[in-house]
Amino acid sequence: MLRDFSQKDRDEVLAMAADFYTGPGVLHIIPPAHFAAAFDECLAGNPYTRGFVIEKDGVLSGYMLLSLTYSSEAGGLTVLLEELYIKPSCRGGGLGHEALSFLFSAYPQAKRFRLEVAPDNLRAKELYAREGFTELPYIQMILEP
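These lines cover the structure that appears in this document, whether it is placed above or below. (Residues numbered from 1 in each chain as written. Predicted model: local features only at pLDDT ≥ 70, side-chain atom pairs only at ≥ 80, totals over all residues. Heavy atoms only, no water.)

Following both chains from N to C, one finds helix α1 (residues 10-20) and helix α2 (residues 32-44) inclined at 135°, their axes separated by 10 Å at the closest point. It follows that α1 is oblique to α2 by the angle criterion. At the point where α1 passes α2, the crossing takes the right-handed sense. Facing α1, whose interface residues are Arg 10, Val 13, Leu 14, Ala 17 and Ala 18, α2 presents Phe 35, Ala 36, Phe 39 and Asp 40. Grouping the constituent residues of the contact of α1 with α2 by class yields 7 nonpolar, no polar and 2 charged. (Axes fitted to C-alpha atoms, helices over the stretch in contact; angles between N-to-C directions. Helix = DSSP H or I, 4+ residues; strand = E, 2+ residues; numbered from the N terminus. Parallel < 35°, antiparallel > 145°, perpendicular 65-115°, else oblique. Left-handed = near helix turned anticlockwise from the far one by under 90°. Contact = heavy atoms within 4.5 Å. Nonpolar A, V, L, I, M, F, W, Y, C, P; charged D, E, K, R; others polar.)

Shown next as structure tokens:
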């Protein structure tokens, strides 16, 4: 089951985000304050972000964080899957598939779903490929002033 973040989830979601960003799924360190800010934006109703907890049998087992944007290239709403994290003890039980199915049904109007995956994160790449995602031949560039 997936549901929107609530205040009671804060500590556990922030702990999972810290684990996510220190694991093999990411390529650079993110300041922990960014996790808290993203969580707070979700609770505040920011229209550009949304966070969900993933529960199984009443136990918080993971989370998913989205960014929402308009893309002229896609011709409409693009949903960016910023983070999909499943606790190690809960992996392999179909929760990633469930989260992505939920995502697709929650945003039927989306023209594109997009995500980033670290090259060495083979399990995640396999999940995303099974769900229909394909690799783009782009090089991503950033500027953080």
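Now that the structure has been shown, we can carry on.
On to the pattern of salt bridges. Tallied over the full model, the rule gives 7 salt bridges. Two residues, Glu 73 and Arg 112, come together in a salt bridge whose shortest N-O distance is 3.1 Å. In this pair, Glu 73 is assigned in the loop between β3 (59-71) and β4 (76-86) and Arg 112 in strand β5 (residues 112-115), connecting sequence segments 39 residues apart. When its relative accessible area of 26% is taken as the criterion, Arg 112 is described as partly exposed. (Salt bridge = Lys/Arg side-chain N within 4 Å of Asp/Glu carboxyl O. Buried < 20%, exposed > 50% of the residue type's maximum accessible area, 1.4 Å probe, protein only.)

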